[in-house]
Amino acid sequence: MTVPFLALFALFFAGPLIYSIVLSLRSPLTGGFAGLLNYRTVIGNAEFWSGVQRMAYFGAVQVSVMIGLAILLAMFLDSPYCKGKRVFALIYFLPYAVPGVIAAIMWGFLLEPDLNGALSIPSKLGLTSGPISPLDYRLALYAIMLIVTWEFTGYNMTILLTSLTNVPRQALEAAKIDGASELSIAWRIKLPLIRRTVLFIVILSIIGTLQLFNEPVILNDIASIGSSYTPNQIIYNTAFSFGNEQLAAAQSVVLAAITIVATTAFFGLVRRRVMPRSENRAVA
Amino acid sequence: MATAAASHRVGLRYPVIARRFKITAGTAVLVIAALYVLAPIYWLVIASSKSATSLFNSATFLPAKHIVWGANLHSLFTYGGGDFKWWLLNSFVYAIVTATLATAVSTMCGYGLAKYRFKMRGAVFGLIVGSLMIPATALVVPLFLLEHAVGLTNTYEGVILPLLVYPFGVYFMSIYCADAVPDVLMDSSRIDGAGEGRILTKIARPLLMPGMVTMFLLSFIGTWNNYFLPLVLLGSQNRFPLTVGLSAWASDLNQPGAGQPLYPEVIIGSLISVLPMLILFPFLQKYVARGLSFGAVAGE
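So, how was this worked out
Residues numbered from 1 in each chain as written. Chains lettered and ligands numbered in written order. Predicted model: local features only at pLDDT ≥ 70, side-chain atom pairs only at ≥ 80, totals over all residues. Helix = DSSP H or I, 4+ residues; strand = E, 2+ residues; numbered from the N terminus. Buried ≥ 20, exposed ≤ 12 C-beta atoms within 10 Å, placed from the backbone. Contact = placed C-beta atoms within 7 Å. Domains from an automatic or database assignment. pLDDT = per-residue confidence, 0-100. Nonpolar A, V, L, I, M, F, W, Y, C, P; charged D, E, K, R; others polar. Expected span 1.5 Å × (residues − 1). Bend = angle between axes of the 7 residues up to and from the residue. Axes fitted to C-alpha atoms, helices over the stretch in contact; angles between N-to-C directions. Parallel < 35°, antiparallel > 145°, perpendicular 65-115°, else oblique. Left-handed = near helix turned anticlockwise from the far one by under 90°. Core = buried A, V, L, I, M, F, W, Y, C linked by C-beta atoms within 7 Å.

Caption draft 1: The overall build of chain B, seen in detail. The secondary structure content of chain B amounts to 13 helices and 0 strands. Tracing chain B from N to C terminus, the helices and strands come up as α-α-α-α-α-α-α-α-α-α-α-α-α. For chain B, the spread of C-alpha atoms along the principal axes amounts to about 75 × 75 × 35 Å. Out of the 300 residues belonging to chain B, those deemed buried represent 38%. Considering only intrachain contacts with a sequence separation of at least 6, the fraction spanning at least 24 residues in chain B is 73%.

See the structure below:
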């Protein structure tokens, strides 16, 4: 019964993965074996590394804000003070049903001063010299952060909310009887109990950040923010605009390696801090 | 925790006022977040009813004076020889076929892993969990080259086949099967003379239905929303899904000499491509949410 899956896996997952590694060792000019030539080119490629660096900054800012917001919203929805929990949970989850491309088109238009008169209000009041244009090269990274946060905060909140409903009620009742406020219950009891879920969504977000593609491509279509904004865009250009498949394969392998190193490093770093020593020993 | 202590003290003295304040403050945060989510969707609905000139001249968030949904829809479906209707149809074909087959393949594999002990079982599990770590985009370039070599690029199969490999779906279904189908039931069916295939299709399948619905929806939404893979694998307009087609139109917005910019068409086309899912979402939400939360909650 596992055969159909394994056959497809071999042909459309493992095959391309291995081919990617083989291809990355070949010369772009002759097609013959070239050792680590392409990897040397990747290491010396300033554009590629500036894309990686941009994503590192993006991840540090956007992932923190998004996860913080998701935790805040999930805690509110899980607190006894919240009214209309179901409606809010549904609204926040809606962007999951919107393709990234469509989200980028909507926001791209909304962030264009020509299409959104609200962006000209500060200049009409004399506060700025011209309309605010968030899609300027300088601000485009923050525009993408705004869009990605819109797309995925509710998704992460939904995962956290499911996890929160599994927190044992006795623990919460006991804390309440001891006179703990809702805030300290959220911070001291609920948050520690869902920390593994938090870790899980942070790791998913890191992987997603390094693969960013749709949003910068669409914003470039709408406002020319540049076509080499993220590592994935650079890989796409290398393969399909310049036809250098061998170098693109090497770039893909390096990006996959960066992803694996970044997530395992984060995991190792946080595991020691988040989990108390006694629990670590118990797990081991 | 100064704030917690303070609010606690206030709570003791003025319980009603403090409670009401907290409800108001909490609700305010929730409403602001809801506006952030709904504003662009609301704008899309409003903007889709405006003509090209009114998009640039009227108040952004106010309804149009002259609603031109009819004209915009007509233009959407007739522009460029009516490409849009093919994109819409293609998106449905890709999503329905992929989700149906991916659900079948993943359910079989998950069921096999959960209910049978065989030699390579551990290795297969390791493979599936390990592949969750590989960013899918690392595969797109070699996938294009391999498919190109065998003539699969620019075909429906070429897009659908790679999307059938859904390791998370297998992982999800294997855990779902382990819980949903009791071994005792399988044993008693065997005693009654049912073959293994019959046990899966007749006995286990009804029990697995809710999990399969979740799996179908995750795959459907993932395929409907996919952009990178079809963008790379498809060359001709009449194979495009909505995401690739609309982005092709959007890329002409900024090109001088590309003809009249298609603002109204891109906007109403975007609305059409999110509308079916947004309408169905309230009914599907719980199935989707269960699937997404699965990896995380299983680890708790």
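Caption draft 2: Broad picture of the overall build of chain A. Within chain A, the secondary structure is distributed over 14 helices and 0 strands. Ordering the α and β elements of chain A from the N terminus gives α-α-α-α-α-α-α-α-α-α-α-α-α-α. C-alpha extents for chain A along the principal axes are approximately 75 × 65 × 40 Å. Long-range pairs, those at least 24 residues apart, make up 69% of the contacts in chain A between residues at least 6 apart in sequence.

Caption draft 3: Seen up close, the domain arrangement of chain B. One can read the domain layout of chain B as domain 1 (2–47) and domain 2 (75–298). Measuring from the centre of the C-alpha atoms in domain 1 of chain B to the corresponding centre in domain 2 of chain B gives 38 Å.

Caption draft 4: Looking closely at the confidence of the model for chain A. Here chain A averages 89 in pLDDT, while 96% of its residues score no lower than 70. Taken as a whole, residues 277–284 of chain A scores under 50 in pLDDT and shows 1 contact with residues more than four places along the chain or in a different chain.

Caption draft 5: Main features of the interface of chain B and chain A. Listed by partner, the interface residues are 78 residues for chain B and 78 residues for chain A. It is helix H13 (residues 263–298) of chain B that contributes the most residues to the side of chain B that touches chain A, 15 residues altogether. Counted by class, the side of chain B that touches chain A contains 54 nonpolar, 22 polar and 2 charged residues.

Caption draft 6: Inspection of helix H1 (residues 3–24) of chain A at higher detail. All names here are of chain A. The terminal C-alpha atoms of H1 lie 30 Å apart, and with 22 residues this matches the ideal 32 Å at 1.5 Å per residue to within 8%. Of all the bends in H1, the greatest, near 40°, is centred on Ala 10. Every buried residue of H1 is listed here: Phe 5, Leu 8, Phe 9, Phe 12, Pro 16, Ser 20, Leu 23 and Ser 24.

Caption draft 7: Quick peek at the packing of helix H8 (residues 167–180) of chain B against helix H10 (residues 196–225) of chain B. Residues and elements named next belong to chain B. The N-to-C vectors of H8 and H10 enclose an angle of 165°; their axes lie 9 Å apart at closest approach. Between H8 and H10, the interaxial angle falls into the category roughly antiparallel. The handedness of the crossing between H8 and H10 comes out as right-handed. Here Gly 169, Phe 172, Met 173, Tyr 176, Cys 177 and Ala 180 of H8 come into contact with H10, specifically with Leu 207, Leu 208, Gly 211, Met 215, Leu 218 and Ser 219. Residue composition of the contact of H8 with H10, by class: 9 nonpolar, 3 polar and no charged.

Caption draft 8: The arrangement of unusual backbone geometry in detail. In this structure, Ser 224 of chain A takes a positive phi of about 50° despite not being glycine. Relative to the helices and strands, Ser 224 of chain A is located in the loop between helix H11 (214–223) and helix H12 (231–240).

Caption draft 9: Up close: the nonpolar core. Ala 74, Tyr 92, Ile 105, Leu 160 and Leu 219 of chain A are the most contacted members of the largest nonpolar core, which has 152 residues in total. If you count residues domain by domain, this core takes at least three from each of domain 1 (2–47) and domain 2 (75–298) of chain B.

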